[in-house]
Amino acid sequence: MTQQPLRGVTSLRFNQDQSCFCCAMETGVRIYNVEPLMEKGHLAVLIWDDAREGKDSKEKLVLEFTFTKPVLSVRMRHDKIVIVLKNRIYVYSFPDNPRKLFEFDTRDNPKAAHPTPHLHTLGLCDLCPSLEKQLLVFPGHKCGSLQLVDLASTKPGTSSAPFTINAHQSDIACVSLNQPGTVVASASQKGTLIRLFDTQSKEKLVELRRGTDPATLYCINFSHDSSFLCASSDKGTVHIFALKDTRLNRRSALARVGKVGPMIGQYVDSQWSLASFTVPAESACICAFGRNTSKNVNSVIAICVDGTFHKYVFTPDGNCNREAFDVYLDICDDDDF
């Protein structure tokens, strides 16, 4: 069933440390703090510096970029801003006296839209926030491939051939880097598998199975220490995988069987989620990890397009329970707009 944008929500996205999320609406953009859940402000869709206290909206406007083709997405870190078009990516210095540093050609990004475009990731790419590793990842020219560029070791204005990883057989649908930029996770448009690669050696580390039926992944996120990974899809389910201790993940029952054929073997080799939960009404959502409540209890936040906020806690043995619920769109007063 095709879902329509609810309550005017057109897009949802976490910031790089997952402490805040941005809710784009027909009336503007709202910024929310995650823990505790509270509204931080509402803005127009331009680049602003909200730290400029005491200034009106016009004086908070920092930058405005104009292109001849539609801008599909934007990624930022403290010193760079990445603008993603259909088949080209531009990297600019940021925020003082912005200048173009790099530009890269890509495969059409993405190739096709999904019936729920308000959460379908347009202009796929991710930018590592680490000071030690300024890694940029985006779809390669070959179907199902990823391109990796270390911006720190590439001189501005020079042509650098990005390193390519052949990650999937079909087009990339979702991609994410962990905080230090040492691991990249990706999923294809089929949406059954999530593959993780070492960004230095380019070798596959692990293969995680979301399910056996096709799905569109909306979001992949690592925990802050890269011990876990979460993923949400158009099935309305958030899956949680263990990365530091992969023995915690579930395995197919067929793994206990002896020799199996190649078609069965692909299900045996991949790892299934440690835990999962489904948001009410199977609403489209993005997900990220919350603050640890104790050594053996972790949490995942799900932000849904229906305006709801969910916090689930899970334990290493796979128990998963909802700890908090709220309606984030009701936190602020619409009269403030």
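Residues numbered from 1 in each chain as written. Predicted model: local features only at pLDDT ≥ 70, side-chain atom pairs only at ≥ 80, totals over all residues. Heavy atoms only, no water.

1. Here we look at the packing of aromatic side chains
Phase 1 of the analysis: Scanning the model with the defined rule gives 12 aromatic pairs in all.
Phase 2 of the analysis: A centroid spacing of 5.0 Å and a plane angle of 10° characterise the contact between Phe21 and Tyr32, whose relative ring orientation is stacked. Taken together, the residues Phe21 in strand β2 (residues 20-25) and Tyr32 in strand β3 (residues 28-33) connect sequence positions 11 residues apart. Here Phe21 and Tyr32 have matching classes, each one buried.
Phase 3 of the analysis: Pairing Tyr32 with Tyr328 gives two aromatic rings, centres 5.2 Å apart and planes at 75°, and the pair type is edge-to-face. (Phe/Tyr/Trp six-rings, centres within 6.5 Å; stacked < 30°, edge-to-face > 60°. Helix = DSSP H or I, 4+ residues; strand = E, 2+ residues; numbered from the N terminus. Buried < 20%, exposed > 50% of the residue type's maximum accessible area, 1.4 Å probe, protein only.)

2. A short note on the sheet that holds strand β23 (residues 275-278)
Phase 1 of the analysis: Across the sheet, four strands lie side by side as β19-β20-β21-β23; this open sheet has antiparallel pairing. The open sheet has two free edges, formed respectively by β19 (217-222) and β23, since each of these has just one partner strand. The average undirected angle you get between the axes of adjacent strands in this sheet is 15°.
Phase 2 of the analysis: Pairing of β19 with strand β20 (residues 228-233), which is carried by five bridges, proceeds in the antiparallel orientation. Paired with Asn221 across the two strands is Cys230, which belongs to β20. (Pairing = 2+ DSSP bridges. Axes fitted to C-alpha atoms, helices over the stretch in contact; angles between N-to-C directions.)

3. Re the sheet that holds strand β27 (residues 320-327)
Sheet strands pair by backbone hydrogen bonding; their relative direction is either parallel or antiparallel.
Phase 1 of the analysis: Pairing in this open sheet of four strands is antiparallel, and the strands run β24-β25-β26-β27 from one edge to the other. Of all the strands in the sheet, the pair left with one neighbour each is β24 (285-289) and β27. If you compare each strand with its neighbour and ignore which way they point, the axes differ by 20° on average.
Phase 2 of the analysis: Pairing between strand β26 (residues 308-314) and β27: seven bridges, direction antiparallel. From the neighbouring strand, Lys311 faces β27, where its bridge partner is Ala324.

4. Re the pattern of salt bridges
Phase 1 of the analysis: Evaluated as defined, the whole model comprises 14 salt bridges.
Phase 2 of the analysis: In this structure, Asp171 engages Arg107 in a salt bridge whose closest nitrogen and oxygen atoms are separated by 2.7 Å. A residue pair is termed long-range when its members are at least 10 positions apart, and Asp171 in the loop between β14 (163-166) and β15 (172-177) and Arg107 in the loop between β10 (100-105) and β11 (126-127) qualify at 64 residues.
Phase 3 of the analysis: Judged by its relative accessible area of 22%, Arg107 falls in the partly exposed class. (Salt bridge = Lys/Arg side-chain N within 4 Å of Asp/Glu carboxyl O.)

5. Some points on the pairing of β15
Phase 1 of the analysis: Extensive coverage of β15 is indicated by the burial of six of its six residues.
Phase 2 of the analysis: The pairing of β15 with strand β16 (residues 183-188) spans five bridges and is antiparallel. Considered in β16, the bridge of Ser176 is made with Ala185.
Phase 3 of the analysis: Taken together, β15 and the strand that follows it, β16, pair antiparallel across an intervening segment of five residues, in which Gly181 is found at a positive phi of about 80°.

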